[in-house]
Amino acid sequence: MEQIDLLIYGASQVCVVPGVDGPQRGAQLGELGLIVDGAVAVHDGRILQTGYTDDMLRTYQATTAINAAERAVIPGFVDPHTHLPWYGDRAHEFEQRLAGATYMEIMAAGGGIMNTVRQVRQATLDDLVQDNLPRLRRMLQHGTTSAEAKTGYGLETAVELKQLEAMMHLGAAQPVEITPTFLPAHAVPPEYAGHTDAYVDLVVNEMLPAGAAWMAQQGVRLFCDVFCEAGVFDVSQTRRILETAAALGYGLKVHADEFEGLGGTKLAVELGAVSADHLVKTPDADIAALGQGNTIAVGLPGTPFGLGHHEYTPARKILAAGGALALATDLNPGTCWCESMQMVMALACRYLGLTQAQALAAATINAAYAIGRGQEIGSLEPGKQADLLILETADYRQLGYQFGANLVQTVIKKGRVVVGGQ
Ligand code: NIG
Ligand code: FE
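### Digging into the overall build of the protein
Tallying secondary structure elements over the protein gives 15 helices and 16 strands in all. In summary, the protein has a C-alpha radius of gyration of 21 Å against a globular reference of 22 Å for 422 residues, a match within 12%. Overall, the protein is about 70 × 45 × 45 Å in size when its C-alpha atoms are taken along their principal axes. Looking at the 422 residues of the protein, the share that counts as buried comes to 60%. Within the protein, counting contacts between residues at least 6 apart in sequence, those at least 24 apart form 73% of the total. For the protein, the exposed surface amounts to about 15,200 Å²; the carbon and sulfur share of it is 51%.

### Quick notes on the coordination of the iron ion (ligand 2)
Surrounding the iron ion (ligand 2) are the protein donor atoms His81 (NE2), His83 (NE2), His255 (NE2) and Asp330 (OD), at 2.1 to 2.2 Å. Read in sequence order, the donor residues for the iron ion (ligand 2) give the motif H-x1-H-x171-H-x74-D. His83 carries the same exposure label as His81, and that label is buried.

### Concerning the packing of aromatic side chains
All chains considered together, the criterion is met by 6 aromatic pairs. Judged by centre distance (4.9 Å) and plane angle (90°), the rings of Trp86 and Trp337 are edge-to-face. Of this pair, Trp86 sits in the loop between β6 (77-79) and α2 (91-98) while Trp337 sits in the loop between β13 (325-327) and α13 (341-351), and the two are 251 residues apart along the sequence. Residue classification places Trp86 among the buried positions, given a relative accessible area of 0%. A cation over an aromatic ring shows up here: Arg135 above the ring of Trp86, its NZ or CZ 4.0 Å from the ring centre.

### Some thoughts on the domain arrangement of the protein
Domain boundaries in the protein define domain 1 (2-75 + 379-419) and domain 2 (78-369). With 39 residues of domain 1 in contact, the opposing surface of domain 2 contributes 34 residues. Here domain 1 and domain 2 share an interface that buries about 2,700 Å² over both sides, 63% of which is from carbon and sulfur atoms. Of all residues in domain 1, Arg25, Leu29 and Lys413 give up the largest surface area on contact with domain 2, accounting jointly for 23% of the area buried on that side. Connecting domain 1 to domain 2 are 2 salt bridges.

### Remarks on helix α4 (residues 113-122)
In an α-helix, one full turn covers 3.6 residues, which means residues spaced three or four apart are oriented alike. Residues of α4 that are buried include every one of Ile113, Met114, Asn115, Thr116, Val117 and Val120, and no others. The inward-facing, buried residues of α4 contact α2, α3 (103-108), α5 (125-141), α6 (157-173) and β9 (223-228).

### Some points on the site of ligand 1
By nearness alone, 14 residues border ligand 1, and Arg90, Tyr103, Tyr153, His186 and His278 come closest of all. In this structure, an oxygen atom belonging to ligand 1 sits 2.8 Å away from a side-chain N or O atom of His278. For ligand 1, whose unbound accessible area comes to 320 Å², protein coverage reaches 100%. For the shell around ligand 1, the per-class residue count stands at 4 nonpolar, 7 polar and 3 charged.

### Focus on the sheet that holds strand β10 (residues 251-256)
To summarise the sheet geometry, strands pair through backbone hydrogen bonds and adopt either a parallel or an antiparallel arrangement. The strand order β6-β7-β8-β9-β10-β11-β12-β13 describes an open sheet built from 8 strands, whose pairing is parallel. Sheet topology places β6 and β13 at the edges, where each strand pairs with a single neighbour. With direction set aside, neighbouring strand axes in the sheet form an average angle of 25°. Note: strand β7 (residues 144-150) against strand β8 (residues 177-185), 5 bridges, orientation parallel. By the bridge assignment, Ala149 is partnered in β8 with Pro180. Seen against the sheet, α6 touches β7 and β8 and runs at an angle of roughly 175° to β8.

Conventions we followed
- Residues numbered from 1 in each chain as written.
- Chains lettered and ligands numbered in written order.
- Predicted model: local features only at pLDDT ≥ 70, side-chain atom pairs only at ≥ 80, totals over all residues.
- Heavy atoms only, no water.
- Helix = DSSP H or I, 4+ residues; strand = E, 2+ residues; numbered from the N terminus.
- Rg over C-alpha atoms; globule rule 2.2 N^0.38 Å.
- Buried < 20%, exposed > 50% of the residue type's maximum accessible area, 1.4 Å probe, protein only.
- Contact = heavy atoms within 4.5 Å.
- Areas by Shrake-Rupley, 256 points an atom, 1.4 Å probe, with all protein chains shown as cover.
- Donors = N, O, S within 2.8 Å, 3.2 Å for Na, K, Ca; no water.
- Phe/Tyr/Trp six-rings, centres within 6.5 Å; stacked < 30°, edge-to-face > 60°.
- Lys NZ or Arg CZ within 6 Å of the ring centre and 35° of its normal.
- Domains from an automatic or database assignment.
- Buried area = accessible area lost by both parts, 1.4 Å probe.
- Salt bridge = Lys/Arg side-chain N within 4 Å of Asp/Glu carboxyl O.
- Near = heavy atom within 4 Å.
- Polar contact = N/O pair within 3.5 Å; in protein donor to acceptor, adjacent residues only side chain to side chain.
- Nonpolar A, V, L, I, M, F, W, Y, C, P; charged D, E, K, R; others polar.
- Pairing = 2+ DSSP bridges.
- Axes fitted to C-alpha atoms, helices over the stretch in contact; angles between N-to-C directions.

Set out below in structure tokens:
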């Protein structure tokens, strides 16, 4: 018998969610590689093998053995789009929206993103870390084992770097792994009101080089993201920022088509961005482009839901075009304060027209590819990092079907139990 660190056995289902060669595209989405009465062997923090419980109990002697007791085992969720870390809240703006004000009206009047920017500028590094730790703890409890995080609440160089610094502290202080994204082009700060091009000059000439120096110093690769939206950054300003970022070694992401379809998705595909996110008002030509390119469409159904809107990402059209679709929360204090990928799956089943299996693959393997980590996380294939969940239920199809309660019983990160236990 081979001696290993950890064996999880007796699972009603093991959902492998394969995708080692790339994301699950188009009609492929929803392939689970499901093993009934399954087990997962883990050694050195990595997946060694998945298989049937009978075979695996005969093959392996484990230091720690966990009986999943007829519950389902799935990969840890990857949340590929969040706006962590921020400071404070905007509950009163939600109240204004309930009384009829729109998100973009509040933003145009100096609230919205700028409201959070003012709070983040005043917060110390320690304030930022302490305010965001409980969010990450709740995300982990709900099964998120890796997450992307964005700057964009500084909008001046030192504060954008303070947000990056906070991400590093947060990543070191708790189990959820953080993939950082630089988003100085999240809004035009009041100092540059009416002078968007001058702010773009600052982003290109000062902020992106500062982020690049940070990358070199930390040995961490950053993505660069832009809020490409009517009244914020147009397509040519977005292009200028992203082309500069690419030349400095950043990976690329775009906020596109959240309120208006400007062509940001097509631009993302053209520039080889890893993802284009939001995609609510996406024109048909941009959907066709997703089918031809390698950019992953990230649906964020918590955002229209959070805004009380009725239009969602045209996921079925994206899949019909052969595109790759991932899901994320968009966790932020303005449009979508949702920490749970389970809630996002429930919304995606209803409003994006996904099956539970499609939503699961979009929230795991495809989400991993959407942050450039598809070779390491997002599935239970041999060699991948051992990030996995034991659910409360026997059937993965309870995910998406049930909502509003947490169906995750045990969270294992890099082969260690970090939430729950037997
Ligand atoms: O993805 N729309 C731009 N950014 C966020 C909202 C951020 C905020 O309102 O604080 C979004 O929806
Ligand atoms: Fe966002």
